[in-house]
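# Observations on the model geometry
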Amino acid sequence: MTREALLTRAPEPFTAPCVHCGRTTTAPVVVGEMTRAGGPPMVQYACPRDAARYGAGPSPEDEIG
Ligand SMILES: [Zn+2]
């Protein structure tokens, strides 16, 4: 490995705005798709904290049993 390789900046992580709180998250979770007329569907993301609200994974409200 060269010294230059260590000094180059790491690529920007993929970020997306959360559909619930609106904050940009570096670990977006796909929670749905919004179909748009005359265009490709827009993927909706949520931050890991809010992803459970949209059915992506267990939430505290889930009943166990
Ligand atoms: Zn959020």
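This report concerns the structure included in the present document.

Parameters at a glance
- Residues numbered from 1 in each chain as written.
- Predicted model: local features only at pLDDT ≥ 70, side-chain atom pairs only at ≥ 80, totals over all residues.
- Helix = DSSP H or I, 4+ residues; strand = E, 2+ residues; numbered from the N terminus.
- Buried ≥ 20, exposed ≤ 12 C-beta atoms within 10 Å, placed from the backbone.
- Contact = placed C-beta atoms within 7 Å.

### What to know about the overall build of the chain
- Regarding its fold elements, the chain presents two helices and four strands.
- Reading the chain from its N terminus to its C terminus gives the helix and strand order α-β-β-β-β-α.
- Split into buried and exposed, the 65 residues of the chain put 12% on the buried side.
- Taking all contacts inside the chain whose residues are at least 6 apart in sequence as the whole, residues at least 24 apart take part in 29%.

### Some thoughts on the environment of Cys-18
- Structurally, Cys-18 is set in the loop between strand E1 (16-17) and strand E2 (24-25).
- Sequence-wise, Cys-18 and Val-30 are twelve residues apart; in three dimensions their C-alpha atoms are separated by 9.7 Å.
- Setting aside its immediate chain neighbours within four residues, Cys-18 contacts Arg-23, Thr-25, Tyr-45, Ala-46, Cys-47 and Asp-50.

### Let's talk about the environment of Thr-26
- For Thr-26, the location among the structural elements is in the loop between E2 and strand E3 (29-34).
- Residue class for Thr-26 comes out exposed when judged on the 11 C-beta atoms lying within 10 Å of it.
- Sequence spacing of Thr-26 and Ala-16 is ten residues, and the spatial spacing of their C-alpha atoms is 6.9 Å.
- The residues contacting Thr-26, other than those within four sequence positions of it, are Pro-13 and Thr-15.

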